[in-house]
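Each chain is listed here by its residues.
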Amino acid sequence: MFLVSFLNRMLLLIKQTEEIIKSERQRQIDEWLPITSKRNAKWWYSTFHNVTAMVGAGVLGLPLAMAELGWGPGVTILILSWIITLYTLWQMVEMHEMVPGKRFDRYHELGQYAFGEKLGLYIVVPQQLVVEVGVNIVYMVTGGTSLQKFHDTVCSSCKKIKLSYFIMIFASVHFVLSHLPNFNSITGVSLAAAVMSLSYSTIAWVASAHKGVQEDVQYGYKAKSTSGTIFNFFSALGDVAFAYAGHNVVLEIQATIPSTPEKPSKVPMWRGVVVAYIIVALCYFPVAIIGYWMFGNAVEGNILISLEKPAWLIAMANLFVVVHVIGSYQVFAMPVFDMIETFLVKKLNFKPSNILRFVVRNVYVAFTMFIAITFPFFDGLLGFFGGFAFAPTTYFLPCVMWLAIYKPKRFSLSWWTNWICIVLGLCLMTLAPIGALRTIILKAKTYKFYS
């Protein structure tokens, strides 16, 4: 009897020791991973990161989106998108700590809680990766293109340089910055990017207003056929929708903010989100409305091209775009680094080390650079593939999770609000890729690999 009791105690002791070792290893891994390593962020960090994530260089294409949508639908969709995405962002901030003592530090962790361990992973991770990796590739192209525009504007008599080389120059910055270990360490880069986004947006609409309404300006639809008008309308829906992609990194941003039962992270996080959305409105609405008002349906895909002069101002705006997309690339890359490093360390049992991080991040930057150089028209492809991921992760996946977890009373205000967002999001997910597919087909003749 004594022997049996002794053996049971020894087995219990061994089990407890194993659990201690396991929890200690888990703690060490969490302290090494980029999302959970530092939890000392302030509320204004949330503002920087959200502005940097959301106000992409795509804001300069909003006047063209307005031209393809028309005055009434354009303004309505701009305002509706701003309201819906602010609401779904609030839901995600609220759900971050809805289970006492637990934090959903990553989008897929929340998905797993809502839909189950495996299904949640299968639903969220592919869509989140499409958005984040896709945006990083587009920013490689955008950064290279803006550098090229800056070079050509400053030195118009210089020999023309291929876009591929400018993409490589842009990528070289990320081979350095990508080794910043976590979200808090890129705060300075993110702040500079947020300031730049506000700066070039302001340049765009102030310079447009200064130029004034152009002679013979027309506000009718540019396409000659009804089918062309409809497809352009669908494509423009996608352009507006893709302007709000910050939801894919919001839980990861909130994970860096300290939290206690008395002072939960959702309070400072929400304060930062509200300030960020005010800045987003100050960037998006004036550029879209004033740009369209001044140039009508003759506006270019990039409002800076329509402005042309003064050259120094356009050059400066393009340089601001470069600085901004440097920060945006890092904000969207950090959750991808976290996913890859988590998989290697937790699933494949690699030892957390600087060498592992060095290899992983350099390979990722090289991969996005290679795709950007190979497909410098990737933004057109993203409109097609991204339609399946941008709309769900931003417009209605948070609503589906809210309904699954909180189960609001049928026909209550919360129930109706979420279902309206889901229906609008599904329409967006269906229509945006249709318009983008037509754009890809029309441009296919002029696409050049390794241009």
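Residues numbered from 1 in each chain as written. Predicted model: local features only at pLDDT ≥ 70, side-chain atom pairs only at ≥ 80, totals over all residues. Heavy atoms only, no water.

The name given to the protein chain in an unreviewed UniProt entry is Amino acid transporter transmembrane domain-containing protein, with Crotalaria pallida as the source organism.

Asks: Describe the packing of helix 6 (residues 117-154) against helix 14 (residues 354-374), with residues and values.
Replies: Two elements in contact, helix 6 and helix 14, have axes whose closest approach is 8 Å; the angle formed by their N-to-C orientations is 60°. Note that helix 6 runs across helix 14; the crossing there is right-handed. Only Y364, V365, F367, T368, M369, I371 and A372 of helix 14 make contact with helix 6, whose side of the interface consists of E132, V133, N136, I137, M140 and V141. Broken down by class, the residue content of the contact of helix 6 with helix 14 amounts to 10 nonpolar, 2 polar and 1 charged. (Axes fitted to C-alpha atoms, helices over the stretch in contact; angles between N-to-C directions. Helix = DSSP H or I, 4+ residues; strand = E, 2+ residues; numbered from the N terminus. Left-handed = near helix turned anticlockwise from the far one by under 90°. Contact = heavy atoms within 4.5 Å. Nonpolar A, V, L, I, M, F, W, Y, C, P; charged D, E, K, R; others polar.)

Asks: Could you give me a rundown of the state of the cysteines, with the residues and numbers involved?
Replies: With the rule as written, the count across this model stands at 1 disulfide. Two residues, C155 and C158, share a disulfide whose sulfurs are 1.5 Å apart. The S-S bond linking C155 to C158 shows a torsion near 60°; that makes this disulfide right-handed. On the accessibility criterion, C158 (29% relative accessible area) is partly exposed. A disulfide-free cysteine, C421 has its sulfur positioned 4.2 Å from the sulfur of C399, the nearest such atom. (Disulfide = S-S within 2.5 Å. Buried < 20%, exposed > 50% of the residue type's maximum accessible area, 1.4 Å probe, protein only.)

Asks: Outline the nonpolar core, supporting the account with residue identities and numerical values.
Replies: Ranked by internal contacts, the top residues of the largest apolar core, which has 120 residues, are V59, L60, M140, Y244, Y284 and M401. Ranked by residue count, the leading element in this core is helix 11 (residues 266-295), at 16 residues. Once residues lying within four places of it in the same chain are set aside, the contact partners of Y284 are M54, V55, G56, V59, L62, A243 and Y244. (Core = buried A, V, L, I, M, F, W, Y, C linked by side-chain atoms within 4.5 Å.)

Asks: Explain the environment of T393 residue by residue, including any values.
Replies: Within the secondary structure layout, T393 lies in helix 16 (residues 387-406). Taking the C-alpha atoms as reference points, T393 and Y107, 286 residues apart in sequence, are found 9.2 Å from one another. Apart from residues lying up to four places away in sequence, T393 is in contact with Y107, Q127, Q128, V131, H247, N248 and P398. Of the polar contacts made by the side chain of T393, one reaches the side chain of N248; its length is 3.2 Å. (Polar contact = N/O pair within 3.5 Å; in protein donor to acceptor, adjacent residues only side chain to side chain.)

Asks: Any details on the side chain of H108? Residues and values, ideally.
Replies: Looking at where H108 falls in the secondary structure, it is placed in helix 5 (residues 107-115). Residue contacts for H108: discarding those within four places in its chain leaves L121, V124, V125 and Q128.

Asks: Give a description of helix 2 (residues 43-54) that names residues and reports values.
Replies: The first and last C-alpha atoms of helix 2 sit 17 Å apart over 12 residues, in line with the 16 Å expected at 1.5 Å per residue. Across the 12 residues of helix 2, 9 count as buried, placing the element largely inside the fold. Residues of helix 2 that are buried: S46, T47, F48, H49, N50, V51, T52, A53 and M54. Looking at the buried side of helix 2, the elements it contacts are helix 4 (71-95), helix 6, helix 8 (187-211), helix 10 (247-254), helix 11 and helix 13 (311-347). (Expected span 1.5 Å × (residues − 1).)

Asks: Pulling in residues and values, what's your account of the environment of L89?
Replies: Looking at the secondary structure, you find L89 in helix 4. We classify L89 as buried; its relative accessible area is 0%. For the pair L89 and V274, spaced 185 residues apart in sequence, the C-alpha separation works out to 10.0 Å. With residues near it in sequence (within four places) discarded, L89 still touches N50, M54, H247, V250, V273 and Y277.

Asks: Outline the pattern of salt bridges, listing residues and values.
Replies: Summed over all chains, the structure comprises 6 salt bridges. In this structure, K266 and E94 form a salt bridge, with 3.4 Å as the shortest nitrogen-oxygen distance. Here the residue K266 occupies a position in helix 11, and E94 occupies one in helix 4, the gap between them amounting to 172 residues. (Salt bridge = Lys/Arg side-chain N within 4 Å of Asp/Glu carboxyl O.)

Asks: Would you mind going over the side chain of H324 in detail, with residue names and values included?
Replies: Residue position: H324 is located in helix 13. A polar contact of 2.7 Å, which involves the side chain of H324, links it to the backbone oxygen of V55.

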